[in-house]
Structures are given as C-alpha cells and as structure tokens.
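Summary of the model geometry
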Amino acid sequence: MTATEENPIAPRDGQDGPGAQGPAEPAAGPKRARLISGPGILLVWLYGVMVVGAVSRSAVQISTQFDKAPLAYSLSAVAGLVYGFITYSLVRGGETARRAALVCCAAELAGVLVVGTWTLAEPSAFPDATVWSDYGMGYLFIPVLLPLSAMYWLRKARTTAG
Amino acid sequence: MFDALTAATAVAALALAAWCGWAAHRDQPTKDWHFIGMAVVSLLALVQLVIGVVQLARGEKPEQGTTIFVAYLIGAFACIPAAGFMSLAERTRWGSVTVAAGGIVLAVLEVRLYDIWGG
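Keep in mind that this is a model prediction, so the values were computed, not measured.

1. Observations regarding the overall build of chain B
Counting secondary structure elements, chain B contains four helices and zero strands. Reading the helices (α) and strands (β) of chain B from amino to carboxyl end gives α-α-α-α. For a compact globule of 119 residues, the expected C-alpha radius of gyration is about 14 Å, and chain B comes in at 15 Å, within 12% of that figure. Its C-alpha atoms give chain B principal-axis dimensions of roughly 50 × 20 × 20 Å. Taking all 119 residues of chain B together, 44% fall into the buried category.

Structure follows, in structure tokens:
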C-alpha cells in the first residue's frame, strides 16, 4: 500500500490557511509548494480574468448564436477550460499541479500560436473572433504573454521549492 | 449620464492602477490608503451598475444587447474588490501589482461598456 502518505488524517484541503500547519500533521507529509506567492498572485489574477472573459463570452455566444461561427465559439470555450484548469492548479499548488499547469501553459501557447496564425491565414474559417484570434490582440496580447510568463514562473518555482 | 459615469470610472481605475503601480515600484504592499482608493473606485462601479440597471428598467436598450451589458456591469463591479482581496493575501509588492493590473482591466472593461451601451 502506497497510500500511507495520503491517509485521511493528513489534511488535504486545509493547505490554504496558516492554521493547517498544526503539530498533528505527520512530518513525513511533504508540504505542498505554494505557487501563488509573489508573482504567482498576479498570474492567478490574470488567469482568473481570462477564465471569466473566455467562459462568459463563449457561453453567451454558444447559447445565442452558435450557428454563426461554431468553430470560433468552441475554441473560445476550450480556451476558457484550459484557463480554468491552470488557475485551479496554481491555487492548489504542489509538484503535480505545477507540472500539470506547465503542460497546460505549453498547450495554451501552442493554441494561441496555431489559432492566431490560422485566423490570419484563413479568415473565412472564422466569421467571428475567438479569444485567441490574431494572437489575442483583442485581449491586449495577454493570451500570448500569459503562458510565457507563467511557464517562466513555474520553472522557477521548481528550483526554489526543491 | 451613463457615459459620463463610464468615463469617470475608467479614469479613476487608471489612477488607482498608477497609484498601486507606484507602490509596487517602491517595493511596498497595498496600504490602508490604497484600500480607501479601491473602495472609491468600487463605489463608482457600483453606482454605475445601479444606474445601468435603472436605465434598462426604464426601457432603454444597449446597442449590443442586454445580456452582455449586464455581464460587463457585474464584471466591472467585481473587478477591483477581487484584486483587493488578493492583495490582502499577498502582502508584498506583488499584491500592489495585482491591484494595478485590476485597475487596467477595469479601464478596459469601461471602454467595452462604452461601446456596448452605444454612446
């Protein structure tokens, strides 16, 4: 059984509060590395804004005018999901979440680059804009800058958490 | 009336962003005065939310649709308080940077609100 470290006595959800660091916590349980300290809080904030932006935008567009540009609106919804997962991973913290967020940021960056190029090369496929159109120009290029800074931060977090 | 309020909120949001950006530049966390500033900007956004809803109730129609209009009004109101709470959790310069980013986001939302309302 490898689940000894994951036993229910160890508080899994109480990581956020400072009160969770009680003496009852087994010393073997490694403390989950915080990813939202320092610059991380800014990343969480910007990702949170992008989640709200992308999810609400695609929700409105898919529910009211999906036939107009199904591909664009679906891509916006996918972008919203990716942003949501990265935000959750950052807030949760820990090595697994850090790696998962890193993978998602890479996927996000690839998505921005592919969709950005696609919208420029073949505008007819996109009767309406997505979050990632023109490399995120409608969002102040945050969609393309965010994954770069997040990946930089997440790689740095590993070396300091070490 | 609504357009004037939109402009005022946008300017106040940019001023807050500059102020908190300055605090971040000097390596300081957000202080009480910053939170008073955030309260003022949030109050403007709240007044805007109320007036926007009143305008809707009086039968006026935003140019780009009521749903989007209300969504942006709520987003504009929630923006600064959310950033403020995050700066409470992060008592370093990065908390100030977060509020500064919140001010910029709010200013962008106000520009969009101006378009949506059709001023």
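There's plenty left to go through after this.
2. Comments concerning the overall build of chain A
When you go through chain A residue by residue, the secondary structure sums to four helices and zero strands. Listing every helix and strand of chain A by position from the N terminus yields α-α-α-α. At a minimum sequence separation of 6, the contacts of chain A that also span at least 24 residues come to 62%.

3. Brief notes about the interface of chain B and chain A
Counting residues at the interface gives 16 residues for chain B, matched by 11 residues for chain A. Elements supplying a minimum of two residues to the side of chain B that touches chain A: helix H3 (66-89) and helix H4 (93-117) of chain B. Residue composition of the side of chain B that touches chain A, grouped by class: nine nonpolar, six polar and one charged.

4. Regarding the packing of helix H1 (residues 39-65) of chain A against H3 of chain B
Where H1 of chain A meets H3 of chain B, the axes come as close as 11 Å, and the angle between the chain directions of the two elements is 165°. In terms of orientation, H1 of chain A and H3 of chain B fall into the roughly antiparallel class. H3 of chain B is crossed by H1 of chain A, and the crossing has right-handed handedness. Between H1 of chain A and H3 of chain B, the residues in contact are Ile41, Trp45, Val52, Ser56 and Val60 of chain A and Thr67, Ile68, Ala71, Gly75, Ala83, Met86 and Ala89 of chain B, respectively. Considered class by class, the residues forming the contact of H1 of chain A with H3 of chain B number nine nonpolar, three polar and no charged.

5. Description of the nonpolar core
Counting 71 residues, the largest nonpolar core has Trp45, Leu46, Tyr47, Met50 and Ile86 of chain A together with Ala76 of chain B as the members making the most contacts within it. Contributing elements (two or more residues each) for this core: H1, helix H2 (70-92), helix H3 (95-121) and helix H4 (142-161) of chain A together with helix H1 (2-25), helix H2 (32-57), H3 and H4 of chain B. Those residues in contact with tryptophan 45 of chain A, other than ones at most four positions away along the chain, are Ala83, Met86, Thr98, Ala101 and Gly102 of chain B.

6. Points about the confidence of the model for chain A
In this model, chain A carries a mean pLDDT of 81, and residues with pLDDT of at least 70 account for 78%. Across residues 1-29 of chain A, confidence stays below pLDDT 50; counting only partners more than four residues off in sequence or on other chains, it has 11 contacts.

Each value, and the rule that gives it
- Sequence order sets the numbering: in each chain, residues are counted from 1 along the sequence as written.
- The lettering of chains begins at A and the numbering of ligands begins at 1, in the order of writing.
- Local features are withheld for residues below a pLDDT of 70 in this predicted model, meaning they are given only at 70 or higher, and side-chain atom pairs are given and counted only at 80 or more; totals for whole chains, interfaces and linings count all residues.
- To qualify as a helix, a DSSP run of H or I must reach at least 4 residues; to qualify as a strand, a run of E must reach at least 2; elements of each kind are numbered from the N terminus.
- Each radius of gyration reported is based on C-alpha atoms, and the globular scaling rule is 2.2 Å times the count of residues to the power 0.38.
- Our exposure labels follow a C-beta count within 10 Å of each residue's own C-beta, placed from the backbone: buried means 20 or more other C-beta atoms, exposed means 12 or fewer, and partly exposed covers the counts in between.
- Residues are defined as contacting one another if the C-beta atoms placed from their backbone atoms lie within 7 Å.
- Side-chain classes follow a simple rule in which Ala, Val, Leu, Ile, Met, Phe, Trp, Tyr, Cys and Pro form the nonpolar group, Asp, Glu, Lys and Arg form the charged group, and the remainder, Gly included, forms the polar group.
- Angles shown run from 0 to 180 degrees and are taken between the N-to-C directions of axes, each axis being a line fitted to C-alpha atoms and, for helices, limited to the stretch in contact.
- Here is the rule for angles: anything less than 35 degrees is roughly parallel, anything more than 145 is roughly antiparallel, 65 through 115 is roughly perpendicular, and the remaining ranges are oblique.
- Each helix crossing is assigned a hand: it is left-handed if the near helix lies turned anticlockwise from the far helix by less than a right angle, otherwise right-handed if that turn is clockwise.
- A set of buried residues drawn from Ala, Val, Leu, Ile, Met, Phe, Trp, Tyr and Cys, joined through C-beta atoms within 7 Å, is what defines a nonpolar core.
- Scored from 0 to 100, pLDDT reflects the predictor's confidence in each residue.

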